[in-house]
Amino acid sequence: MPPGGTGTGTGPGALAAWRRFRGAMICLGILLVAAITLAALGSGSRHGRLDPRSADPDGSRALAELLQARGVTTRVVTTAREAAAAAGPGTTVLVTDPDRLGDTQRRTIRSVIDLSGGRTVLLAPSGLSLPDLAPSARTRGGAFERDLDPACPLPAALSAGRAGTGGGYRYTTDGPTGAATGTACYPDDGHPTLLVLPSGTTGGDTVLLGSGTILLNKRLASEGNASLALQLLGSRPELVWYLPSLTEIQDEDPGEQKSLFELVPRGWGWALLQLFLAAALAALWRARRLGPLVTEKLPVAIRASETTEGRARLYRKAGARDRAATVLRAAARERLAALVGVPPTGAHEPAALVPAVSARLTDGHGDLTALLFGTTPADDAALVALADHLDALEREVRTS
């Protein structure tokens, strides 16, 4: 452990960072604790639409409590298998979203309709689920959201009177309605929004309710909604409230599983493309433009001799005599070429430079080719001697 250390791994830098950001970290911690607390408190009371445990305006807790007061027990299930296992002559099975069911779930609910001998209530089934659940019925478009009169002999409808069954689907059957083929109630523009069909088992029936509005907390007290809902769902001592889930469909029908991109709505693809183009345009707009080079005034002027000495020390420290000799010879050749009239392209060619330099010399200087284009000096002394010979050669050419 270093002298004076505490062994905790903290130092002045860590303490300074903590003092600087501790306010933000404390606020973030408070927000996280508050979010977790609110989620925990609300998880037990908030549920989805048409959930009998939910007191939200779109929940159905008020109806469930009224049914309980009348002696009807309500059981919430989330799979078709649970609904089929609980169904019987003394039960009402409420399917809150028939169109969400997969093939397996629709077959299971269809067996409940045919064999249980109880009542099955389907909320707002469309042409997607009707062929499997109620083949004799078809949709006839949508109904306006308004209160409608019963206009049928169904006792539950006559007792309830006007009710808000509009705002969903209207239905029709293959033949005339009646005791044998079904009872049509609450018509909108001539087509019923409530259709009661007999099932194959004695005492059983199927109720098609075009809209689930009358079951919601916010609409239960309007007109005869409460009366109609209680009579439709409370005719048997037990109510099985089936809330289909997407997880059930994916688990029981692997063929219906979709990838993440298939679950994303189609419009989001275009939205992401537009965001990408906008980001690209913003990048082009704000990108740095490279203009012409400009000279910059240095804060400190450095003499050329100091730069040369510094570079020489670096060469010496690295032991780069080959590089130093190459630089010395190349600079000398360029200066000599300018003195003797050799073009720059021939300054580094022995055949062009050596004869021109020899013609300007009075005394012999040995092998000029070895001096100007020779090998690397063997040691530092040889490198210094090379520099001296090059200087002497250049001085003689200048004075000749």
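A quick note: this is a predicted structure, and the numbers were derived from the prediction, not measured. (Residues numbered from 1 in each chain as written. Predicted model: local features only at pLDDT ≥ 70, side-chain atom pairs only at ≥ 80, totals over all residues. Heavy atoms only, no water.)

Enquirer: Mind showing me how you'd approach the overall build of the protein chain here?
Expert: Scanning the protein chain from terminus to terminus reveals 15 helices and nine strands. By the burial criterion, 36% of the 400 residues in the protein chain qualify as buried. At a minimum sequence separation of 6, the contacts of the protein chain that also span at least 24 residues come to 67%. Approximately 24,100 Å² of the protein chain is accessible, and the part contributed by carbon and sulfur atoms is 59%. (Helix = DSSP H or I, 4+ residues; strand = E, 2+ residues; numbered from the N terminus. Buried < 20%, exposed > 50% of the residue type's maximum accessible area, 1.4 Å probe, protein only. Contact = heavy atoms within 4.5 Å. Areas by Shrake-Rupley, 256 points an atom, 1.4 Å probe, with all protein chains shown as cover.)

Enquirer: It is not clear to me how the pattern of salt bridges should be interpreted in this structure. Could you clarify?
Expert: Once the charged atoms of two side chains with opposite charge are near each other, the side chains can pair. Summed over all chains, the structure comprises 19 salt bridges. Close ionic contact of Asp132 with Arg106 constitutes a salt bridge, the shortest N to O distance being 2.7 Å. In this pair, Asp132 sits in helix 5 (residues 130–133) while Arg106 sits in helix 4 (residues 103–115), placing the two residues 26 residues apart along the sequence. According to the relative accessible area criterion, Arg106 is buried, its value standing at 9%. Put simply, Asp147 and Arg219 hold a salt bridge, and the shortest N to O gap is 3.5 Å. With Asp147 in the loop between strand 4 (137–142) and helix 6 (155–160) and Arg219 in the loop between strand 8 (205–209) and helix 7 (225–233), the pair connects residues that are 72 residues apart, well separated along the chain. On the accessibility criterion, Asp147 (22% relative accessible area) is partly exposed. One network of salt bridges, with partners in common, ties together Arg49, Asp58 and Lys218. (Salt bridge = Lys/Arg side-chain N within 4 Å of Asp/Glu carboxyl O.)

Enquirer: Explain unusual backbone geometry to me, please; I cannot follow it from the model alone.
Expert: Positive phi, normally seen in glycine, also occurs at Ala124, with a value near 50 degrees. Residue Ala124 is classed as partly exposed on the basis of its relative accessible area of 25%.

Enquirer: Looking at this model, I keep getting lost on the packing of helix 12 (residues 321–340) against helix 13 (residues 350–359). Mind explaining?
Expert: Where helix 12 meets helix 13, the closest approach of the two axes is 10 Å, and the angle between their N-to-C directions is 60 degrees. The orientation of helix 12 relative to helix 13 falls into the category oblique. With respect to the hand of their crossing, helix 12 and helix 13 are arranged in left-handed fashion. For the pair formed by helix 12 and helix 13, the contact residues are Arg333, Leu336, Ala337 and Val340 on the first element and Leu353, Ala356 and Val357 on the second. (Axes fitted to C-alpha atoms, helices over the stretch in contact; angles between N-to-C directions. Parallel < 35°, antiparallel > 145°, perpendicular 65-115°, else oblique. Left-handed = near helix turned anticlockwise from the far one by under 90°.)

Enquirer: Before we go on, may I ask you to explain the packing of helix 2 (residues 61–69) against helix 7 in this structure?
Expert: For any two helices packed against each other, one specifies the crossing angle of their axes together with the interaxial distance. Put simply, helix 2 and helix 7 touch, their axes get as near as 10 Å, and they point 60 degrees apart. Here helix 7 runs oblique to helix 2, going by the angle between their axes. Like other packed secondary-structure pairs, helix 2 and helix 7 cross with a definite hand, here right-handed. On helix 7, the residues that touch Leu63, Leu66 and Leu67 of helix 2 are Ala229, Leu230 and Leu233. Partitioned by chemical class, the residues of the contact of helix 2 with helix 7 number six nonpolar, no polar and no charged. (Nonpolar A, V, L, I, M, F, W, Y, C, P; charged D, E, K, R; others polar.)

Enquirer: Can you walk me through helix 12 in this structure?
Expert: A turn of α-helix holds 3.6 residues, and therefore any two residues three or four places apart point the same way. In this model helix 12 runs 28 Å from its N-terminal to its C-terminal C-alpha over 20 residues, within 8% of the 28 Å that 1.5 Å per residue would give. Every buried residue of helix 12 is accounted for by Ala324, Ala325, Arg329, Ala332, Arg333, Leu336, Ala337 and Val340. In the core, the buried residues of helix 12 are packed alongside helix 11 (304–318), helix 13, helix 14 (368–373) and helix 15 (380–399). The positive-phi residue at the C-terminal boundary of helix 12 is Gly341, with phi of around 85 degrees. (Expected span 1.5 Å × (residues − 1).)

Enquirer: Just checking my understanding: could you explain the nonpolar core for this structure?
Expert: Buried together is how nonpolar side chains tend to be arranged in soluble globular proteins. Among the nonpolar cores identified, the biggest contains 32 residues, and Leu63, Tyr186, Leu194, Leu215, Leu228 and Leu233 are the most heavily contacted of them. Of all the secondary-structure elements, those providing two or more residues to this core are helix 2, strand 3 (119–123), helix 6, strand 6 (183–188), strand 7 (191–198), strand 8, helix 7 and strand 9 (238–242). In terms of residue count, helix 7 provides more of this core than any other element does, five residues in total. The residues touching Leu228, leaving out its near neighbours within four places in the chain, are Ala156, Ala157, Ala160, Ala163, Thr165, Tyr186, Leu194 and Ile214. Among the nonpolar cores identified, the runner-up in size contains 23 residues, and Leu336, Val340, Val342 and Val397 belong to it. (Core = buried A, V, L, I, M, F, W, Y, C linked by side-chain atoms within 4.5 Å.)

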